[in-house]
Amino acid sequence: MEKKLICISCPVGCHLIVASTRDRITVKGNQCKRGEIYGKEEMLSPKRIVTAVVKIRKKEYCYIPVKTEKPLLKKYIKPLLKELYRLEVDLPVKCGTVLIKNFENTGINVLITRSMKN
Amino acid sequence: MLEKKVNAVVIGGGSAGMAAALSIAEKGYQVAIIEREDTLGGILLQCIHNGFGLQEFKQELTGPEYAQRFEDFVHKNRKINIFLETTAVDITQNDNGTRVVNTYSKKHGVILFSADAVVLAMGCRERNRGNIAIAGTRPAGIFTAGLAQRLLNIDGFIPGKKVVIIGSGDIGLIMARRLTWVGTEVLGVVEIQPFPSGLTRNIVQCLNDFSIPLYLNHVVSRIYGKERVTKVRITPITQDGKIDEKKSFQIACDTILLSVGLIPDMELAKNAGVRINHDTNGPYVNADLMTSQEGIFACGNALHVHDIVDYVTEEARRCGSYVHDYIQGGRVKKQGNVIPGANIKYILPNHYVTHRNNRLYCRPMIVKNNAELFIKINKKFVLQKKLRHIQPSEMISIDLEKDVFKNIQKDQNHTLEVSIR
Ligand SMILES: Cc1cc2nc3c(=O)[nH]c(=O)nc-3n(C[C@H](O)[C@H](O)[C@H](O)COP(=O)(O)OP(=O)(O)OC[C@H]3O[C@@H](n4cnc5c(N)ncnc54)[C@H](O)[C@@H]3O)c2cc1C
Ligand code: SF4
């Protein structure tokens, strides 16, 4: 399999061609080592920080921002978003509080990113 | 009507206003922050995505987290008084030269603040359809990207089901991902220029991740729909800049987001007689970030539009220290001019001084790898710097140590020019 990617590890933005065969992955087009690491990671296990807002219970048009503490494997993003849109939280909340612990055993927590009083 | 006396009034409680107020208050002066909304934080509160604070806190935070840290500092500082739901409407001057900021507060009605110094930190506003002129009807379903971001991230309101984004600015890109994540279909981003105006990492993570097409060298030439938007016509632009009607195509959509740029919010400043800098649409400022009106300073997006909040904080903090010097009665030192040279869209501040270090911010006009930056004073080279990569969406910061000025005749007029090639 071959993928065309742009390295985002620095502002230069090298255009990478990442090719994978059964036993190895090769990266071309990178100007430095970080590009190779980025290309391999994107091929094997791409991860993203996910941010969203969660509904506050019994309040209309009132939401609180949240994020994953660390980057989450891409294939878990949809299930996580589904869970977040289902949840409701009660005020007050404090920035940094864990909302979901170890989501689906990925080892990733979801944190609240803003304090809000009642 | 209430009257208050403070050393400095900061208009706007976003990242710029908070950092400026903290830096003035740390020197022992009384500061009032005037904020229109019911909370501090400004634009950061709607930027729920990651990517703030790498320089300031050495970690990647979301906008609300970055705001929260400063809010906590501000609340702890007893020299700072915060006036929420209070809008500054006018800046005038007393007979003795002090400034008066006229405000309207939801709770207290009119409050007049008199102060030695005023800091403009009102942020910026978005360009809208009027600024880019698109033909067609005037149906519902057209939002600026920042407004849509606010509605979605603060009020939980989803603007539409099928969206086309006009302009490839960062807010529009970030919204493409955000909307996709709430189940809205983003059908494309249309950009008139040959390169995107947003950051590469946003192109990659907000468009490419979801296979959202980016139409470079294209314009939305018509908007259709009676009550609500129903479709748009998209037309390519040829190399010589002409519209290629024959190659037009249409996309059905119910919503359009405009992400076509930001401009400093200057109404208040203009009425106070502040001279405007036409390169930035913000105020013209001297080396101490003071506008053409004595005692009125500016920082953050009210001075020029920043892409990185860490720079806003740095600039605002420095602005606070200049305000402090001014209140103390420091005499304005003789200043040289700063002008943009080749490939520079703008450079700030508009003046520099030789008795201390200077930090300059400039925005390039071109996209290039391995570029070189040149600084000349009165046409003589004084400094040269290599830049790995430049693009218009990324501001460049330049630190000029005072050693650079060693051989300059202090009593002469001098002009510093920055260029890139
Ligand atoms: C959508 C968007 C995405 C961004 N993404 C990133 C990113 O990923 N990473 C990054 O580092 N930076 C990012 N930035 C840049 C950075 O966050 C902002 O430039 C910065 O926060 C602006 O701060 P400010 O204080 O100048 O303006 P603002 O935050 O806009 O604050 C201005 C404040 O002034 C108030 N105000 C205005 N007029 C009045 C008045 N007359 N009276 C009283 N109050 C008034 C407003 O209510 C507001 O609270 C982004 C910017 C935007 C717009
Ligand atoms: S490969 Fe290296 S130089 Fe190229 S974009 Fe990635 S980090 Fe930057």
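Residues numbered from 1 in each chain as written. Chains lettered and ligands numbered in written order. Predicted model: local features only at pLDDT ≥ 70, side-chain atom pairs only at ≥ 80, totals over all residues. Heavy atoms only, no water.

What about empty space enclosed by the protein?
So, point 1. Applying the stated rule across the entire model yields 4 cavities of 30 Å³ or more.
So, point 2. For the largest cavity, the calculated volume is near 100 Å³.
So, point 3. Along its surface, the largest cavity is lined by A:Cys7, A:Ser9, A:Cys10, A:Val12, A:Gly13, A:Cys14, A:Asn30, A:Gln31, A:Cys32, A:Arg34, A:Gly35 and B:Arg388. (1 Å grid on protein atoms, 1.4 Å probe; cavity = no way out; pocket = protein on both sides within 12 Å on 5 of 7 lines; lining within 4 Å. Points joined across faces, edges and corners; volume = space filled by probe spheres on them.)

Thoughts on the pattern of salt bridges
So, point 1. The tally for this structure, following the rule as stated, stands at 26 salt bridges over all chains.
So, point 2. Among the ionic pairs, B:Arg317 bridges to B:Glu56, the shortest N-O distance being 2.7 Å. Taken together, the residues B:Arg317 in helix α8 (residues 309–327) and B:Glu56 in the loop between β4 (50–52) and β5 (61–62) connect sequence positions 261 residues apart.
So, point 3. Of the residues examined, B:Arg317 reaches a relative accessible area of 36% and is grouped as partly exposed.
So, point 4. Salt bridges linked by common partners bring A:Glu42, A:Arg48, A:Lys74 and B:Asp209 together as one network. (Salt bridge = Lys/Arg side-chain N within 4 Å of Asp/Glu carboxyl O. Helix = DSSP H or I, 4+ residues; strand = E, 2+ residues; numbered from the N terminus. Buried < 20%, exposed > 50% of the residue type's maximum accessible area, 1.4 Å probe, protein only.)

Quick notes on the nonpolar core
So, point 1. Membership of the largest hydrophobic core comes to 69 residues, with the highest contact counts inside it found for B:Ile11, B:Val119 and B:Val323.
So, point 2. Two domains each provide a minimum of three residues to this core, namely domain 1 (2–125 + 263–332) and domain 3 (338–420) of chain B.
So, point 3. Residues contacting B:Val323, with those up to four places away along its chain left out, are B:Ala8, B:Ile24, B:Ala117, B:Val119 and B:Phe297.
So, point 4. One finds A:Ile77, A:Leu84, A:Val110 and A:Ile112 within the second-largest nonpolar core, a separate group that totals 22 residues. (Core = buried A, V, L, I, M, F, W, Y, C linked by side-chain atoms within 4.5 Å. Domains from an automatic or database assignment. Contact = heavy atoms within 4.5 Å.)

Considering the sheet that holds strand β9 (residues 109–115) of chain B
All names here are of chain B.
So, point 1. Strand order in this open sheet of 4 strands is β1-β9-β8-β7, and the pairing throughout is mixed. Each edge of the sheet is formed by a strand with only one pairing partner; in this case those strands are β1 (2–5) and β7 (86–93). Averaged over all neighbouring strand pairs, the angle between strand axes comes to 25 degrees, with direction disregarded. (Pairing = 2+ DSSP bridges. Axes fitted to C-alpha atoms, helices over the stretch in contact; angles between N-to-C directions.)

Topic: the confidence of the model for chain B
So, point 1. In the predicted model, chain B carries a mean pLDDT of 93, and the fraction of residues at 70 or more is 98%.
So, point 2. At the level of chain-chain contacts, confidence expressed as ipTM amounts to 0.91, with global pTM at 0.93. (pLDDT = per-residue confidence, 0-100.)

Some remarks on the packing of helix α4 (residues 145–154) of chain B against helix α5 (residues 170–181) of chain B
When two helices pack together, their arrangement is captured by the angle between the axes and the distance separating the axes.
All names here are of chain B.
So, point 1. Closest axis-to-axis distance for the α4/α5 pair is 9 Å, and the angle between their directions is 35 degrees. The handedness of the crossing between α4 and α5 comes out as left-handed. Here α4 contributes Ala145, Gly146, Ala148, Gln149, Leu152 and Asn153 to the contact with α5, which in turn contributes Ile171, Gly172, Ile174, Met175, Arg178 and Leu179. (Left-handed = near helix turned anticlockwise from the far one by under 90°.)

Here's the deal with the pairing of strand β5 (residues 51–56) of chain A
On a regular strand, each side chain points to the face opposite its neighbour's, so the side chains alternate between the two faces of the sheet.
Residue and element names in this part refer to chain A.
So, point 1. In terms of residue burial, β5 counts as a mostly covered element, since 5 of its 6 residues are buried.
So, point 2. Across 5 bridges, β5 lies against strand β6 (residues 63–68) in antiparallel orientation. In the strand pairing of β6, Thr51 is matched with Lys67.
So, point 3. Counted along the chain from β5 to the antiparallel partner β6, the turn is 6 residues long, and its residue Lys58 has a positive phi close to 60 degrees.
So, point 4. Looking at chain direction, β5 and strand β8 (residues 88–89) are connected through 2 bridges and run parallel. Bridging across to β8, Ile56 finds its partner in Val89.

Quick notes on the site of ligand 2
So, point 1. Taken together, the residues surrounding ligand 2 are A:Cys7, A:Ser9, A:Cys10, A:Gly13, A:Cys14, A:Asn30, A:Gln31, A:Cys32, A:Arg34, A:Gly35 and B:Arg388.
So, point 2. Per-site note: the chains with residues close to ligand 2 are chains A and B.
So, point 3. The site holding ligand 2 turns out to be the largest cavity. (Near = heavy atom within 4 Å. Sits in = over half its atoms within 2 Å of the grid points.)

Comments concerning the interface of chain A and chain B
Think of interface size as the accessible area that goes away when the parts come together; that is how it is often given.
So, point 1. In this complex, chain A contributes 25 residues to the contact, which on the side of chain B involves 31 residues.
So, point 2. Both sides of the chain A and chain B interface together cover about 2,400 Å² of buried area, and 55% of this is carbon and sulfur.
So, point 3. Of all residues in chain A, A:Ile8, A:Thr51 and A:Arg114 give up the largest surface area on contact with chain B, accounting jointly for 24% of the area buried on that side.
So, point 4. The residue A:Lys67 makes a salt bridge to B:Glu65 at a minimum N-O spacing of 3.0 Å.
So, point 5. Summed over the shared surface of chain A and chain B, the number is 8 residue pairs in polar contact (both at pLDDT 80 or more).
So, point 6. At the level of secondary structure, the elements contributing two or more residues to the side of chain A that touches chain B comprise β5, β6 and α2 (77–86) of chain A. (Buried area = accessible area lost by both parts, 1.4 Å probe. Polar contact = N/O pair within 3.5 Å; in protein donor to acceptor, adjacent residues only side chain to side chain.)

A short note on the domain arrangement of chain A
So, point 1. Considered domain by domain, chain A is made up of domain 1 (2–44) and domain 2 (51–112).
So, point 2. Averaged C-alpha coordinates put domain 1 of chain A and domain 2 of chain A at centres separated by 31 Å.

Considerations on the pairing of strand β14 (residues 162–166) of chain B
All names here are of chain B.
So, point 1. Burial within β14 is extensive, with 4 of its 5 residues counted as buried.
So, point 2. When β14 meets strand β15 (residues 185–190), the two strands line up parallel, connected through 5 bridges. Paired with Ile165 across the two strands is Val189, which belongs to β15.
So, point 3. Of the crossover connections in this fold, the one passing from β14 over α5 to the parallel β15 is right-handed. (Right-handed = clockwise from strand over helix to strand, strands pointing away.)

A closer look at the site of ligand 1
Residues and elements named next belong to chain B.
So, point 1. In the vicinity of ligand 1 there are 33 residues, among which Ala16, Glu35, Ile43, Asn301 and Val309 approach most closely.
So, point 2. A distance of 2.9 Å separates an oxygen atom of ligand 1 from a polar atom in the side chain of Ser15.
So, point 3. At 3.0 Å, a backbone N or O of Asp307 approaches a nitrogen atom of ligand 1.
So, point 4. Going through the elements one at a time, α1 (15–25), β4, β7 and α8 are the ones with two or more residues in the shell around ligand 1.
So, point 5. The biggest single contributor to the shell around ligand 1 is β7, with 3 residues.

Thoughts on the sheet that holds strand β3 (residues 25–28) of chain A
All names here are of chain A.
So, point 1. Spatial ordering of the open sheet is given by β1-β2-β3, a layout of 3 strands whose pairing is antiparallel. Every other strand in the sheet has two partners, leaving β1 (2–6) and β3 as the edge strands with one partner each. Sheet twist, expressed as the mean angle between neighbouring strand axes with direction ignored, is 20 degrees.
So, point 2. Strand direction decides the pairing type here: strand β2 (residues 15–20) and β3, joined by 4 bridges, are antiparallel. For Val18, the partnering residue across the bridge sits in β3 and is Val27.

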